[in-house]
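Chains, contacts and geometry: an overview
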Amino acid sequence: MAVKNPSTWAGSWGSGVSGAGNMWATNYIAAGPAIFTKAAASVGNWQTAVASQAAADAFVSGLNGVNFAVVTASVNGAGKTKYTASGTTKQAKYNTFAGIFGPKLTSIVASLPPRGPRGSTQNRVRLTQLLDQVQATRGQN
């Protein structure tokens, strides 16, 4: 598997992000109610951690107090505008990242053992090595 030239990453990423505003907003809004419902249902786990009924009540009250119409308006307004614009406005930062990480990824991929048959243990080992080596680059320039 060859790694694409890092100089092309930002443009591809930017085009994808710039064109994904509607999908981002739709998926964010679709997931929102379930996130708040799940969080409210998990108050027992949270309460054990904070061990206070008053804190639990405040937590659930805060979740129940979310006005999802306001969230939806924010997502479809400024949120979507900023999200799609980031495909253009953040390309310089993405280029910086690609210039640093691209050569590392190329080296990592080149050092991996060969692929095995589909579903093989060899491929799981290869994937684990890839993830471990990528994680090892975290925080480095």
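Scroll up to find the structure this text is about.
First things first, this report covers the structure right here in the doc.

What counts as what
- Residues numbered from 1 in each chain as written.
- Predicted model: local features only at pLDDT ≥ 70, side-chain atom pairs only at ≥ 80, totals over all residues.
- Heavy atoms only, no water.
- Axes fitted to C-alpha atoms, helices over the stretch in contact; angles between N-to-C directions.
- Helix = DSSP H or I, 4+ residues; strand = E, 2+ residues; numbered from the N terminus.
- Parallel < 35°, antiparallel > 145°, perpendicular 65-115°, else oblique.
- Left-handed = near helix turned anticlockwise from the far one by under 90°.
- Contact = heavy atoms within 4.5 Å.
- Nonpolar A, V, L, I, M, F, W, Y, C, P; charged D, E, K, R; others polar.
- Phe/Tyr/Trp six-rings, centres within 6.5 Å; stacked < 30°, edge-to-face > 60°.
- Buried < 20%, exposed > 50% of the residue type's maximum accessible area, 1.4 Å probe, protein only.
- Core = buried A, V, L, I, M, F, W, Y, C linked by side-chain atoms within 4.5 Å.
- Arc of directions from axis to C-beta.

The relative placement of two packed helices comes down to the angle between their axes together with the axis-to-axis distance. Where helix α3 (residues 43-50) contacts helix α4 (residues 53-64), the two axes come as close as 9 Å, and the packing angle between them is 140°. In this view, α3 runs oblique relative to α4, as classed from their interaxial angle. In the packing of α3 onto α4, the handedness of the crossing is right-handed. Where α3 approaches α4, its residues Val-43, Trp-46, Gln-47 and Val-50 are matched on the opposing element by Gln-53, Ala-55, Ala-56, Phe-59 and Val-60. Among the residues making up the contact of α3 with α4, the classes are represented as seven nonpolar, two polar and no charged.

The next thing to look at is the packing of aromatic side chains. Within the structure shown, the criterion is met by nine aromatic pairs. When the centroid spacing of 6.1 Å and the interplanar angle of 80° are considered together, the rings of Phe-36 and Phe-68 count as edge-to-face. You can see Phe-36 sitting in helix α2 (residues 21-41) and its partner Phe-68 sitting in helix α5 (residues 68-89), a full 32 residues away along the chain. Ring centres of Trp-46 and Phe-59 lie 4.5 Å apart, and the angle between their planes is 20°; on these two criteria the pair is classed as stacked. Taken together, the residues span a long stretch of sequence, with Trp-46 in helix α3 and Phe-59 in helix α4 at a distance of 13 residues. Overall, the relative accessible area of 27% leaves Trp-46 in the partly exposed class. Judged by relative accessible area, which is 24%, Phe-59 ranks as partly exposed. Ring-pair connections join several aromatic residues into one group, and the members of that group are Trp-9, Trp-13, Tyr-94, Phe-97 and Phe-101.

Counting eight residues, the largest nonpolar core is built from Trp-9, Ala-98, Phe-101, Leu-105, Ile-108, Val-109, Leu-112 and Leu-130. Here Leu-105 is in contact with Val-3, Trp-9, Leu-130 and Val-134, once residues within four sequence places are set aside.

With that settled, consider helix α1 (residues 9-18). If you check which residues of α1 are buried, you get Trp-9, Ala-10, Gly-14 and Val-17. Summarising the axial view, the buried residues of α1 lie within an arc of 120°, below the 170-degree limit, and thus occupy one face. Of the exposed residues in α1, those oriented more than 90 degrees away from the buried face are Ser-12 and Ser-15. Tucked inside the fold, the buried residues of α1 contact α2, α5 and α6 (91-111).

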